[in-house]
Amino acid sequence: FMYLMLSVVTNPCEAKDTYKGNRQQLVFLNWSEYMDPSLMEEFEKKYNVNVKEIYYESDDLKDQMIWASGGKGYDVVLGSGISFLPYLKREWITPLTKKEIPNLVNIDPRFLGTYPELNGYAVPFTWGTLGIAYRKDLVGEEIVSWMDIFKPSETLRGKILMINDSRDTIGLALKALGYPLNSSEPEHYHEVERLLLAQRPFVAKYAYTALTEDSALVTGKAWAAVVYNGDALVLNERHPEIKFSLPKEGS
């Protein structure tokens, strides 16, 4: 379950954009391909601001960027809910003025309650579930278990894309082994280490899957990848043989 939130930092960037009429610049730390360019253009015109998007590839990298700056240099940040909790403790996030966000009434209360500590500091943006996207025409059979990619058949050697996130990769390996996602047993993690090392020759790359026409799944360079369900829908539009599996062990 991935829960992305938008939040405003307490030490906003004060840079000005001189090549667009000296408009104030809003620095937005974001995943790539998460905002419609036309929407961003509309926002810039409405509020007379230049939005500068800085992209990151994983929550781990986002955390490194924010920790390195001491929470400074970004105006708005999009990220997973759990990653925002340490920012809040260090007072890196400024409270939101709810009267300026009237559309909050349209958000299902169950999402507002997922991270109650962040209420008044961040706004739910989207949610999703990690699973496996795969080329059924190339794999030849349905993928139903995490072990189908953690202990894959020989045909998948060098054909798997693993998500570039330590929490997700380790957590899913724990699920594959039948252990709790947040296990506190050291031996469980020793087993995870052995499982991931044995899987390594089958992994083409540790990275988030591109959603464009030249995505490795679309071209057939990769046959299976750990992705979010929403990304799998986009990939299926690119190639009808790309299917999505929520493994039987859960996610």
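Scroll up a little and you will see the structure.
> What should I look at first to understand the overall build of the protein in this one?
A count of helices and strands for the protein gives ten helices and eleven strands. For 251 residues, the compact-globule estimate of 2.2 N^0.38 gives 18 Å, and the protein sits close to it at 20 Å. Counting only C-alpha atoms, the protein reaches 60 × 40 × 35 Å along its principal axes. Across the 251 residues of the protein, 43% fall into the buried class. Sequence separation of at least 24 residues holds for 71% of the intrachain contacts in the protein that already meet a minimum separation of 6. Accessible surface, the protein: about 13700 Å² in total, of which carbon and sulfur atoms supply 53%. One way to put it: in the protein the 27 positive side-chain charges average out to a point 2 Å from where the 34 negative ones average out.

> So what exactly am I meant to see when it comes to the nonpolar core here?
Where a protein is soluble and globular, its nonpolar side chains tend to be buried together. Counting residues in each nonpolar core, the largest one holds 49 residues, and the members touching the most others are Trp146, Ile149, Phe150 and Val226. Look past the residues within four positions of valine 226 in its chain and what remains in contact with it is Leu130, Gly131, Trp146, Ile149, Leu161, Met162, Ile163, Leu172 and Thr209. Counting eleven residues, the second-largest nonpolar core is a separate cluster that includes Leu211, Leu217, Ala222 and Leu235.

> Sorry if this is basic, but what is going on with the packing of aromatic side chains here?
Pairs of aromatic rings are described using the distance from one ring centre to the other and the angle between the two planes. What the rule picks out here adds up to nine aromatic pairs. Seen from their ring centres, phenylalanine 84 and tyrosine 87 are 5.6 Å apart, and the 35 degrees between their planes marks the pair as tilted. Of this pair, phenylalanine 84 and tyrosine 87 both sit in helix H3 (residues 81-89), separated by three residues, roughly a single helical turn. As far as burial versus exposure is concerned, phenylalanine 84 and tyrosine 87 are alike and both buried. Three or more aromatic residues joined by ring pairs form one cluster here, namely Trp31, Tyr34, Tyr56, Phe125 and Tyr208. Between the NZ or CZ atom of arginine 157 and the centre of the ring of phenylalanine 202, over which it lies, the distance is 4.6 Å.

> Help me understand unusual backbone geometry, please; the structure alone is not making it clear to me.
For residues other than glycine, phi is negative in most cases, and the peptide bonds are mostly trans. One non-glycine residue with positive phi stands out, namely asparagine 48, at about 55 degrees. Within the element layout of this structure, asparagine 48 appears in the loop between helix H1 (37-47) and strand E4 (49-56). One non-glycine residue with positive phi stands out, namely glutamate 91, at about 60 degrees. Secondary-structure assignment places glutamate 91 in the loop between H3 and helix H4 (109-112).

> Hey, could you run me through the side chain of aspartate 75 in this one?
Relative to the helices and strands, aspartate 75 is located in the loop between helix H2 (59-69) and strand E5 (76-80). Buried and unpaired, aspartate 75 has no salt bridge, with lysine 52 as the nearest side chain of opposite charge at 9.8 Å. Reaching out from aspartate 75, the side chain makes a polar contact with the backbone nitrogen of valine 27 at a distance of 2.6 Å.

> Explain the sheet that holds strand E7 (residues 130-135) to me, please; I cannot follow it from the model alone.
Strands in a sheet are paired, the pairing made by backbone hydrogen bonds, and the direction either parallel or antiparallel. Read across the sheet, five strands follow the order E9-E8-E10-E7-E11 without closing on themselves; strand pairing throughout is mixed. Two strands lie at the open edges of the sheet, namely strand E9 (203-206) and strand E11 (242-245), each paired on one side alone. Sheet twist, expressed as the mean angle between neighbouring strand axes with direction ignored, is 30 degrees. The pairing of E7 with E11 spans four bridges and is antiparallel.

> What is the right way to read the pattern of salt bridges from this model?
Between side chains of opposite charge, a pair can form when the charged atoms approach closely. Summed over all chains, the structure comprises eight salt bridges. Here aspartate 63 ties to lysine 62 by a salt bridge, and the two come within 3.0 Å at their closest N and O atoms. The buried category is assigned to lysine 62, whose relative accessible area is 0%. When the shortest N-O distance is used, the salt bridge between arginine 238 and glutamate 213 registers 3.7 Å. Note that arginine 238 is positioned in helix H10 (residues 229-238) and glutamate 213 in the loop between E9 and helix H9 (216-219), a separation of 25 residues in sequence. Put simply, Asp59, Lys62 and Asp63 are held in one network by salt bridges that share partners.

> Before we go on, may I ask you to explain the environment of threonine 212 in this structure?
Looking at the element boundaries, threonine 212 is found in the loop between E9 and H9. Taking the C-alpha atoms as reference, threonine 212 lies 9.8 Å from glutamate 33; in sequence the two are 179 residues apart. The contacts of threonine 212, once residues within four sequence positions are left out, are Glu33, Val218 and Arg238. Only 2.2 Å separates the side chain of threonine 212 from the side chain of aspartate 214, close enough to count as a polar contact.

Conventions used here
- Residues numbered from 1 in each chain as written.
- Predicted model: local features only at pLDDT ≥ 70, side-chain atom pairs only at ≥ 80, totals over all residues.
- Heavy atoms only, no water.
- Helix = DSSP H or I, 4+ residues; strand = E, 2+ residues; numbered from the N terminus.
- Rg over C-alpha atoms; globule rule 2.2 N^0.38 Å.
- Buried < 20%, exposed > 50% of the residue type's maximum accessible area, 1.4 Å probe, protein only.
- Contact = heavy atoms within 4.5 Å.
- Areas by Shrake-Rupley, 256 points an atom, 1.4 Å probe, with all protein chains shown as cover.
- Lys, Arg positive; Asp, Glu negative; His and termini not counted.
- Charge placed at Lys NZ, Arg CZ, Asp CG, Glu CD.
- Core = buried A, V, L, I, M, F, W, Y, C linked by side-chain atoms within 4.5 Å.
- Phe/Tyr/Trp six-rings, centres within 6.5 Å; stacked < 30°, edge-to-face > 60°.
- Lys NZ or Arg CZ within 6 Å of the ring centre and 35° of its normal.
- Salt bridge = Lys/Arg side-chain N within 4 Å of Asp/Glu carboxyl O.
- Polar contact = N/O pair within 3.5 Å; in protein donor to acceptor, adjacent residues only side chain to side chain.
- Pairing = 2+ DSSP bridges.
- Axes fitted to C-alpha atoms, helices over the stretch in contact; angles between N-to-C directions.

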